[in-house]
Amino acid sequence: MTDFALFMGQILRRPGQVVALAPSSPALCAEMTAQLDPAKGPVIELGAGTGVITKAILDRGIAPHHLHTIEMNPTFHAHLQRQFAGVNHHQMSAADVGDLGLSNVQAVISGLPLLSMPLTLQRAILGGSFAQLAHDGRYVQFTYGVTPPVARALRDDMGLEWERSARIWRNMPPARVYRFSRSTPPN
Ligand SMILES: C[S@@+](CC[C@H](N)C(=O)[O-])C[C@H]1O[C@@H](n2cnc3c(N)ncnc32)[C@H](O)[C@@H]1O
């Protein structure tokens, strides 16, 4: 089975979790991973799916043992294990990302349908991510929408700032990438 067919099959079985028309395009994957640096700390990927962004992260030179994927879907998780040896694959909810207990993480790269999630779940994901990010680390999230893909209340509570990319037209549907950081890094 091709990766595309696998993705489409899981959209039909779990539409509320996958929440996409197709896997992210090469152009979107390139923008999501553009600022990764092999000389910096580990990388966490949330909602890895069939692994199109996983591959782009590794293609940027991130060592497999420095990459942690989190994917709750058991079919996708098994596929990731087969395709990307040496990477740390975790079958669990991104709500528990804080349990990884990492430090100095350079980026959390999220393919999650974050805005469609309840605020409590968004809070757990963002809180657990920023607990592990380096002071200059970024939470990277794409969106098909026109507003920042983190609930406003959470952005305000956590003091998040962001940069956003130009619209990436070569994706189905077109998307933007947001890079969130804390406006006041902890001492
Ligand atoms: C829009 S797809 C993105 C897949 C892939 N990263 C890409 O860009 O093509 C969303 C992925 O997030 C996963 N997902 C949704 N909710 C999740 C959660 N709470 N914890 C972990 N993974 C989740 C889905 O199973 C799916 O693989």
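Every chain's residues receive numbers from 1 upward, in the order its sequence appears when written. Whole-chain, interface and lining totals are the exception, using all residues; otherwise, since this is a predicted model, local features are given only for residues with pLDDT of at least 70 and side-chain atom pairs are given and counted only at 80 or more. Side-chain figures throughout are based on the complete set of non-hydrogen atoms in the structure, without hydrogens or water.

**Q** Explain unusual backbone geometry to me, using residue names and the numbers behind them.
**A** Omega for the peptide link from Met 172 to Pro 173 comes to -5 degrees, which places this bond in the cis form. Helix and strand assignments follow DSSP, with helices taken as H or I runs no shorter than four residues and strands as E runs no shorter than two, numbered in order from the N terminus. The residue Pro 173 is located in the loop between strand E6 (160-164) and strand E7 (176-182) in this model. Phi is positive for Asn 104, which is not a glycine, with a value near 60 degrees. Of note, Asn 104 is situated in the loop between strand E3 (88-90) and strand E4 (105-110).

**Q** Can you lay out the site of the ligand for me, pointing to particular residues and giving the numbers?
**A** In the vicinity of the ligand lie 24 residues, with Val 18, Ser 24, Gly 47, Glu 71 and Ala 94 positioned nearest. Any pair of N or O atoms that falls within 3.5 Å is considered a polar contact. Within protein, one atom must be able to donate a hydrogen and the other to accept it, and sequence-neighbouring residues count only if both atoms are side-chain atoms. Contact distances for the ligand include 2.5 Å between an oxygen atom and a side-chain N or O atom of Ser 24. For the ligand, a nitrogen atom lies 2.8 Å from a polar atom in the backbone of Ala 94. Reported accessibility uses the Shrake-Rupley method at a 1.4 Å probe radius. Residues are deemed covered only where the shown protein chains occlude them. Protein contact buries 97% of the 600 Å² of open area that the ligand shows by itself. For the shell around the ligand, the per-class residue count stands at 16 nonpolar, 7 polar and 1 charged. To be near a molecule or strand, a residue needs just one of its heavy atoms within 4 Å of it. Three classes are used, and their members are as follows: Ala, Val, Leu, Ile, Met, Phe, Trp, Tyr, Cys and Pro are nonpolar, Asp, Glu, Lys and Arg are charged, and the others, Gly among them, are polar.

**Q** Give me the lowdown on the pairing of E4, citing residues and values where you can.
**A** The buried fraction of E4 amounts to 6 of the 6 residues, a majority that puts the element mostly inside the structure. The definition of a right-handed crossover adopted here requires that, viewed with the strands pointing away, the path from the first strand over the helix to the second runs clockwise. Tracing the backbone out of E4, into helix H6 (residues 119-130) and back to the parallel element strand E5 (residues 133-143) gives a crossover that is right-handed. To sort residues, take the accessible area from a 1.4 Å probe on protein chains only and compare it with the maximum for the residue type: under 20% means buried, over 50% means exposed, and anything in between is partly exposed.

**Q** Go over the packing of aromatic side chains, please, and point to the residues and values.
**A** Ring pairs (aromatic) are described by centroid distance and by the angle formed between their planes. Each aromatic pair joins two rings of Phe, Tyr and Trp (for Trp, the six-membered one) with centres within 6.5 Å, and gets the label stacked for planes under 30 degrees apart, edge-to-face for over 60, and tilted for any other angle. Within this structure, the stated rule accounts for 3 aromatic pairs. Seen in terms of ring centroids, Trp 162 and Phe 180 are 5.9 Å apart; in terms of plane orientation they differ by 55 degrees. Their pairing is tilted. Of this pair, Trp 162 sits in strand E6 while Phe 180 sits in strand E7, and the two are 18 residues apart along the sequence. The partly exposed category is assigned to Trp 162, whose relative accessible area is 37%.

**Q** Tell me what's going on with the pairing of strand E2 (residues 67-70), and back it up with residues and numbers.
**A** On a regular strand, one side chain projects to one face of the sheet and the next to the other, so that they alternate. Burial of E2 is two-sided: the residues Leu 67 and Thr 69 facing one way and the residues His 68 and Ile 70 facing the other way are all buried. Strands were regarded as paired on the criterion that DSSP finds at least two bridges between them. Bridge analysis of strand E1 (residues 43-46) against E2 gives 4 bridges, and the strand direction is parallel. By the bridge assignment for E2, Leu 46 is matched with Ile 70. Following the backbone out of E1, through helix H4 (residues 52-59) and into the adjacent parallel E2, one traces a crossover that is right-handed. As paired elements, E2 and E3 share 3 bridges and run parallel to each other. Pairing of Thr 69 across the sheet is with His 89, part of E3. At this point the chain moves from E2, through helix H5 (residues 74-83), to the parallel E3, and the crossover so formed is right-handed.

**Q** Before we move on, could you go through H5 and cite the residues and values that matter?
**A** Residues that lie three or four places apart on an α-helix share one face, since the helix turns once every 3.6 residues. Taken together, the buried positions of H5 are occupied by Phe 76, His 77, His 79 and Leu 80. Down the axis of H5, the buried side of the element spans an arc of 160 degrees, and every buried residue falls inside it. A contact between two residues is defined here by any heavy atoms of the two lying within 4.5 Å. Buried-residue contacts for H5 involve helix H1 (3-13), helix H2 (15-18), H4, E2 and E3. Its side-chain oxygen placed 2.8 Å from the backbone nitrogen of Thr 75, Asn 73 serves as the N-cap of H5. Each direction from the helix axis to a C-beta atom contributes to the arc, which is the arc of those directions.

**Q** Quick rundown of the packing of H1 against H5? Include the residues and the values.
**A** A pair of packed helices is characterised by two quantities: the angle between their axes and the separation of those axes. In contact at an axis separation of 10 Å, H1 and H5 are set at 160 degrees when each is read in the N-to-C sense. As judged from the angle between their axes, H1 and H5 are roughly antiparallel. As for how H1 packs across H5, the hand of that crossing is left-handed. The residues of H5 that touch H1, namely those facing Asp 3, Leu 6, Phe 7 and Gln 10, are Thr 75, Phe 76 and His 79. Grouping the constituent residues of the contact of H1 with H5 by class yields 3 nonpolar, 3 polar and 1 charged. Here an angle of 0 to 180 degrees is reported between the N-to-C directions of two axes, which are lines fitted to C-alpha atoms, with helices fitted over the stretch in contact. Here the word oblique covers every angle except those under 35 degrees (roughly parallel), over 145 (roughly antiparallel) and from 65 to 115 (roughly perpendicular). Crossing handedness: left-handed means the near helix sits turned counterclockwise from the far one by under a right angle, and right-handed means the same turn made clockwise.

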